[in-house]
Amino acid sequence: MLASIVLYLVLPDNLIFLKPRWTLPVLEALLLVPIVLTNASDRWRHASWKRPTFMVLVALASAANIISLALLVHYLPGAPAKEAKNLLVAAVEIWLTNVIVFGLWYWELDRGGPIARLGAE
């Protein structure tokens, strides 16, 4: 999750939809900090608020990535040739964020895989 926050922070200004730039990363960090802090304690391992909070966190990252991709596609046709390298780097950043977010969704929806489901019986 931290990697997706950092990738969002290094996107070019024209691909950021929330101004100022730090608004979304701060919101994501506010959701992430309690999840990380409570993971250290076994007492909070199965807290009912953690899964919905994490899903909201990943949904925010997904929405931000989709909007950044839409802005990239919007700016691409009229972009001057001198910005080609910056737009290509931004496209790679958006792709990497997409891979990370997909992994987070899969991790959350799989909920530990077959071994965890076997132990739940």
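Residues numbered from 1 in each chain as written. Predicted model: local features only at pLDDT ≥ 70, side-chain atom pairs only at ≥ 80, totals over all residues. Heavy atoms only, no water.

Where nonpolar side chains cluster on the molecular surface, the patch consists of Val6, Leu9, Val10, Trp22, Val26 and Leu30 and spans about 570 Å² of accessible area. The residue Val6 is located in helix α1 (residues 2–9) in this model. The class of Val6 is partly exposed, set by a relative accessible area of 48%. (Patch = residues over 30% accessible without salt bridge, like charges linked within 9 Å, V, L, I, M, F, W, Y side chains within 5 Å. Areas by Shrake-Rupley, 256 points an atom, 1.4 Å probe, with all protein chains shown as cover. Salt bridge = Lys/Arg side-chain N within 4 Å of Asp/Glu carboxyl O. Helix = DSSP H or I, 4+ residues; strand = E, 2+ residues; numbered from the N terminus. Buried < 20%, exposed > 50% of the residue type's maximum accessible area, 1.4 Å probe, protein only.)

Turning our eyes to something else, we now look at the packing of aromatic side chains. In this structure the tally under the stated criterion is one aromatic pair. Relative to Tyr106, the ring of Phe102 lies with its centre 6.3 Å away and its plane at 25°, an arrangement referred to as stacked. You can see Phe102 and its partner Tyr106 sitting in helix α4 (residues 84–110), four residues apart, about one turn around the helix. Residue class for Phe102 comes out exposed when judged on its relative accessible area of 58%. (Phe/Tyr/Trp six-rings, centres within 6.5 Å; stacked < 30°, edge-to-face > 60°.)

Right, let's get into helix α3 (residues 50–75). Taking 1.5 Å per residue as the helical rise, α3 with its 26 residues ought to reach 38 Å, and the 38 Å between its terminal C-alpha atoms agrees with that figure. On the buried face of α3, the contacting elements are α1, α2 (23–39) and α4. (Expected span 1.5 Å × (residues − 1). Contact = heavy atoms within 4.5 Å.)

With respect to the secondary-structure elements, Glu28 resides in helix α2. The buried charged residue Glu28 lacks any salt bridge partner; its closest oppositely charged side chain belongs to Arg21, at an N-O distance of 12 Å. Non-local contacts of Glu28, meaning those with residues more than four positions away in its chain, are made with Met1, Ile5, Leu57, Leu60 and Ala61. (Lys, Arg positive; Asp, Glu negative; His and termini not counted.)

Right, let's talk about the packing of α2 against α3 for a bit. Interhelical geometry of α2 versus α3 gives an angle of 150° and a closest axis separation of 10 Å. Judged by the inter-axis angle, α2 sits roughly antiparallel to α3. With respect to the hand of their crossing, α2 and α3 are arranged in left-handed fashion. Along its contact with α2, which presents Leu24, Leu27, Glu28, Leu31, Leu32, Ile35, Thr38 and Asn39, the element α3 presents Lys50, Thr53, Phe54, Val56, Leu57, Leu60, Ala61 and Ala64. Among the residues forming the contact of α2 with α3, the class breakdown is eleven nonpolar, three polar and two charged. (Axes fitted to C-alpha atoms, helices over the stretch in contact; angles between N-to-C directions. Parallel < 35°, antiparallel > 145°, perpendicular 65-115°, else oblique. Left-handed = near helix turned anticlockwise from the far one by under 90°. Nonpolar A, V, L, I, M, F, W, Y, C, P; charged D, E, K, R; others polar.)

Below, the discussion takes up the pattern of salt bridges. Applying the stated criterion across every chain, the model contains two salt bridges. Glu108 is the partner of Arg51 in a salt bridge, and the nearest nitrogen-oxygen pair spans 2.8 Å. With a gap of 57 residues between them, Arg51 in helix α3 and Glu108 in helix α4 connect regions that are remote in the sequence.

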